[in-house]
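What follows is the residue order along each chain.
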Amino acid sequence: MMKTWQAGKRLLPMTAALGLLLAGCGREDLSVLRPQGPVAESSYGLMKLSIAIMIVVLLIVFSIAAYVWIRFRRKKDQDEIPKQVEGSFKLEVLWTVIPLILVIVLAIPTVKVVFAAGNDHSDDKDAIKVKVTGHQYWWEFEYTDYGITTAQDLIIPTGKHIAFELSTKDVLHSFWVPSLAGKMDTNPDGTVNRFSFSAPNEGVYRGKCAELCGPSHGFMEFKVKSVSGEAFDNWVASMKAPESVMPEDPVLAEKFKSQCLSCHAIGSMPASPVAPSLTGIGSRESVAGILLNDDTREDGAPILENLKTWLHDPQSVKPGNKMPNPKDMGLSDEEIDGIAEYLAGYTLD
Amino acid sequence: MDWITTVDHKKIAILYLWAGGLFFGIGGIEAILIRIQLIKPMNTFLDAQTFNELITMHGTTMIFLGVMPVIFALMNAVIPLQIGARDVAFPFLNSLGFWTFLFGGLLLNLSWVMGGAPDAGWTAYTPLSGKGYSPSHGVDFYTIGLQIAGLGTLIGGINFLATIITMRAPGMSFMRMPMFAWATFITSAIILFAFPAVTVGLVLLTFDRILDANFFNVDGGGNPVLWQHIFWIFGHPEVYILILPAFGIISEVIPTFSRKRLFGYSSMVFATILIAFLGFMVWAHHMFTTGLGPVANALFSVSTMLIAVPTGIKIFNWLFTMWGGQVRFTTPNLFAAGFIPTFTMGGVTGVMLASAPADFQFHDTYFVVAHFHYVIVGGLVLGLFAGLHYWWPKMFGRMLSESLGKWTFWTFIIGFHLTFFVQHFLGLMGMQRRVFTYLPNQQFDTLNLVSTVGAFLMGVGMIIFLVNVFLTSRRPADAPEDPWEDGRTLEWTIPSPPPEYNFKQTPLVRGLDAFWKEKMAGHKAMTPAEPIGPIHMPSATILPFLMSVGIFIAGLGFMFSRDEFSSSMMSFLFNNYIVTALGLLITFGSMLMRSLFDDHGWHIEPEELEGGEQR
């Protein structure tokens with residue numbers, strides 16, 4: 001018993017050192033190794049423990065191997081037959097028992113965290129409930145308590161539990177925000193998954209689809225935007241505002257209505273099952289999840305440019321997506337640019 | 001012609017080796033293409049669809065058509081020799097197993113030229129692999145090709161079970177069997193229990209796709225998660241079908257080149273059986289994020305971690321086999337030495353993956369890609385290289401070049417670690433697997449570049465190996481019976497390559513490492529267990545080949561039975577199942593021939609045997 005305790009004590013500083021080392025890896029808004037919320041934190045804790053145990057195991061194996069290879073290398077004049085050892089009951093028991101102990105050391109916290117992660121907050125009155133629906137290749141977020149639906153940008157208030165209900169409209173996807181929580185698959189109706197996470201700090205976190213879902217699987221990204229409670233309430237209020245702003249030019253407005261709104265929804269229109277809602281698209285972090293909106297051009301392009309890129313040829317941005325090419329729907333280049341300008345200006349305050 | 005009709009296990013081993021090598025090469029080229037595409041962010045070398053076809057075919061080809069046949073090649077070449085048998089239990093079936101594997105593999109790879117390769121991942125998760133989301137024939141090639149190839153594996157597995165149970169030389173009790181024979185025995189048992197699961201799964205998926213059934217279709221009351229269970233109930237044991245033979249090889253190579261018997265033989269046997277047993281209990285650890293709930297996740301977490309215990313026993317037993325020995329670093333032993341730390345690294349990441357809440361992060365990322373390549377390439381492929389270099393003289397009568405072998409080892413293993421070690425970090429930094437490209441500025445760029453450079457280095461290692469094989473094949477076949485001088489088991493008691501009948505007289509086994517025991521007693525050869533007499537040999541036959549051709553044609557016919565063809569002749573032939581029927585007719589006709597015409601084989605008379613000895 002004493003031995004295990006000592007081993008555990010020795011692991012502690014190593015775990016701490018590892019934590020520091022691994023924390024240097026990757027972007028804060030993306031890396032598993034730089035968790036930004038309690039759920040990701042608990043996975044990370046297990047990871048650090050398991051990595052520490054595994055490094056100890058590796059060190060033991062490597063050093064015995066190195067010793068054996070150097071010490072027992074056959075010398076030139078060596079010809080006598082080495083003693084044919086059958087085995088050693090004591091040694092074999094030793095290396096059965098030690099791994100068993102290590103497994104137990106890892107298994108206990110694992111089981112604890114498994115059950116803690118099963119706590120899904122779907123009955124929590126205080127939690128924000130979000131229905132996530134995966135589509136080839138975009139994400140739909142429905143806030144059931146507020147009656148609003150958005151796409152690609154998941155806006156959440158800091159510190160609150162977000163209770164997710166995950167499903168898919170087509171093939172399997174997997175909902176993953178590495179710096180906030182592990183992933184969870186979206187299955188078709190009938191096997192709906194629930195889980196929850198929270199983000200204590202404000203920030204924008206990168207989310208990904210982790211289950212192969214077709215050609216543009218790698219491009220099925222989204223953003224989680226964690227904002228203050230007040231900003232969240234404002235956002236909800238502006239999402240709920242009934243009037244939907246239309247393009248100023250009446251001809252363009254007509255085109256937009258007849259061509260775009262046959263699939264997409266804006267403002268108070270009921271959410272469309274086939275295409276992302278466009279409400280407030282001008283305020284989003286990205287176009288199509290992967291064209292990052294960035295006026296400084298450091299990590300993307302201005303939203304107007306991104307919208308034009310997308311609208312002029314959606315297939316070249318996201319191969320295999322379901323949006324028809326606006327040109328094939330009879331829109332001229334000027335009309336496409338006009339709609340892009342209108343959408344870029346369609347922001348929520 | 002001789003090669004098409006042969007039923008000799010040694011020739012079938014060579015057939016398996018060439019066919020496996022061919023598919024391994026195809027899978028390797030696919031891997032290189034994948035790595036070129038990922039060398040930099042937003043690369044346009046390949047398009048998304050082609051990339052998905054390549055990853056699907058790379059995984060499928062490597063698992064089913066690349067490494068499995070090479071394993072079967074070594075088993076076929078060595079097992080009858082190691083247990084002192086003259087052939088496998090059912091030579092005819094052995095040949096049938098090879099030909100169904102080959103034609104299944106050919107069918108699968110035909111997809112490249114016949115309208116699109118499968119693109120739903122090697123796991124073919126529904127509904128992506130269903131007709132609705134994968135309308136080309138790609139996945140049909142997958143289901144039907146693997147079905148035919150799987151038939152061969154199952155036949156092979158049953159054959160080895162029967163061989164090892166019934167054909168051991170007198171005196172060779174189970175606990176005196178070489179470790180590679182044990183590994184083959186257990187592997188075959190896993191095949192026997194695991195392959196029916198994938199057979200059923202593939203049939204259901206074929207029905208869904210071709211006959212509009214609803215097993216996995218939600219609208220028709222099916223359940224896509226069912227596919228995942230069926231697939232992994234096969235798929236997890238498959239991992240052990242791959243790795244246990246490598247364990248067996250390492251357990252042969254290390255004692256030979258340490259001049260010591262295997263440390264803790266009985267615990268090795270016990271560990272092998274335990275690994276096989278636990279391997280069947282842990283399939284759902286591939287599905288932690290599917291939403292099975294905390295109870296299932298906890299159970300599968302703990303049972304998965306337990307596999308570390310018997311695996312750990314093996315690692316330490318190998319290390320202590322060398323302890324106190326005289327270790328010689330020949331090429332086979334170099335690969336065995338590389339295997340131990342590399343495989344251990346794959347093993348420990350496996351334990352990390354077993355922790356479900358941590359796996360929520362690891363799953364479907366490059367961390368997993370790194371893990372299973374450490375196990376399959378760092379474990380199995382290094383093991384196979386060790387085995388190939390070790391038994392090459394026995395199979396072909398020629399020693400591979402030691403210096404080229406060492407070059408192969410160093411380029412391959414350095415390239416391997418460069419490729420896959422950094423992928424652990426890519427996964428942890430948020431890169432999901434199976435992405436055809438990635439956005440810049442995510443700190444993925446450098447590590448992906450390193451990984452691609454490593455992949456090229458592995459390719460160089462493979463080319464050096466091929467050069468070695470080519471140069472060796474041009475040298476005279478002059479390998480002695482016991483080319484490594486410290487051979488411990490029965491295969492080293494007979495000429496290299498062995499005569500058709502293997503053993504002129506079945507040897508009498510007096511203990512573990514039978515040959516070593518005789519050497520230590522001062523004998524030069526085994527004591528025979530029987531007088532010299534006529535040896536019964538099975539006749540060569542083309543029927544297995546024809547049967548496989550028939551299944552191949554039937555598969556193609558079934559697959560295209562609902563297509564519309566521009567030529568009315570083709571439509572007539574396919575849509576009326578005429579092609580299918582023709583294929584089945586060939587197969588069943590050959591079976592009928594086999595049943596109706598008794599072939600008693602032939603005998604090699606003692607006089608010929610004496611002549612053979614002076615060769």
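The structure contained in this document is the topic of the report that follows.

Each value, and the rule that gives it
Residues numbered from 1 in each chain as written. Chains lettered and ligands numbered in written order. Predicted model: local features only at pLDDT ≥ 70, side-chain atom pairs only at ≥ 80, totals over all residues. Heavy atoms only, no water. Contact = heavy atoms within 4.5 Å. Buried area = accessible area lost by both parts, 1.4 Å probe. Salt bridge = Lys/Arg side-chain N within 4 Å of Asp/Glu carboxyl O. Helix = DSSP H or I, 4+ residues; strand = E, 2+ residues; numbered from the N terminus. Nonpolar A, V, L, I, M, F, W, Y, C, P; charged D, E, K, R; others polar. Buried < 20%, exposed > 50% of the residue type's maximum accessible area, 1.4 Å probe, protein only.

1. Considering the interface of chain A and chain B
Counting residues at the interface gives 89 residues for chain A, matched by 92 residues for chain B. Of the roughly 7700 Å² buried between chain A and chain B on both sides combined, carbon and sulfur atoms contribute 70%. Applying the counting rule to chain A against chain B returns 2 salt bridges. The shortest N-O distance in the salt bridge between E86(A) and R261(B) comes to 3.9 Å. Broken down by secondary-structure element, the contributors of at least two residues to the side of chain A that touches chain B are α2 (38–71), α3 (89–117), β7 (181–186) and β9 (203–209) of chain A. With 17 residues, α2(A) is the largest single contributor of residues to the side of chain A that touches chain B. Residue classes in the side of chain A that touches chain B are distributed as 51 nonpolar, 19 polar and 19 charged.

2. Looking at the environment of D233(A)
By the element assignment, D233(A) lies in helix α4 (residues 229–240). In this structure the C-alpha to C-alpha distance between D233(A) and K208(A), which are 25 residues apart in sequence, comes to 26 Å.

3. Considerations on unusual backbone geometry
With an omega of -5°, the peptide bond between Q136(A) and Y137(A) qualifies as cis. Inspection of the secondary structure puts Y137(A) in the loop between β1 (128–135) and β2 (138–143). Residue P497(B) is reached from S496(B) by a cis peptide bond, and omega for that bond is -15°. Mapped onto the elements of the fold, P497(B) is located in the loop between α15 (445–473) and α16 (514–520). With a phi close to 55°, M42(B) is a non-glycine residue in the positive phi region. Checked against the element boundaries, M42(B) lands in the loop between α2 (9–37) and α3 (48–82). Residue class for M42(B) comes out partly exposed when judged on its relative accessible area of 39%.

4. Notes on the pattern of salt bridges
According to the stated counting rule, one finds 27 salt bridges over all chains in the structure shown. Between K255(A) and E335(A) there is a salt bridge, with the nearest N and O atoms lying 3.5 Å from each other. Taken together, the residues K255(A) in helix α5 (residues 250–260) and E335(A) in helix α8 (residues 333–345) connect sequence positions 80 residues apart. E335(A) sits in the buried class, given a relative accessible area of 16%. Among the ionic pairs, R488(B) bridges to D513(B), the shortest N-O distance being 3.0 Å. One end of the pair, R488(B), is in the loop between α15 and α16; the other, D513(B), is in the loop between α15 and α16, and 25 residues separate them in sequence. For the pair R488(B) and D513(B), a shared accessibility class is recorded, and that class is buried.

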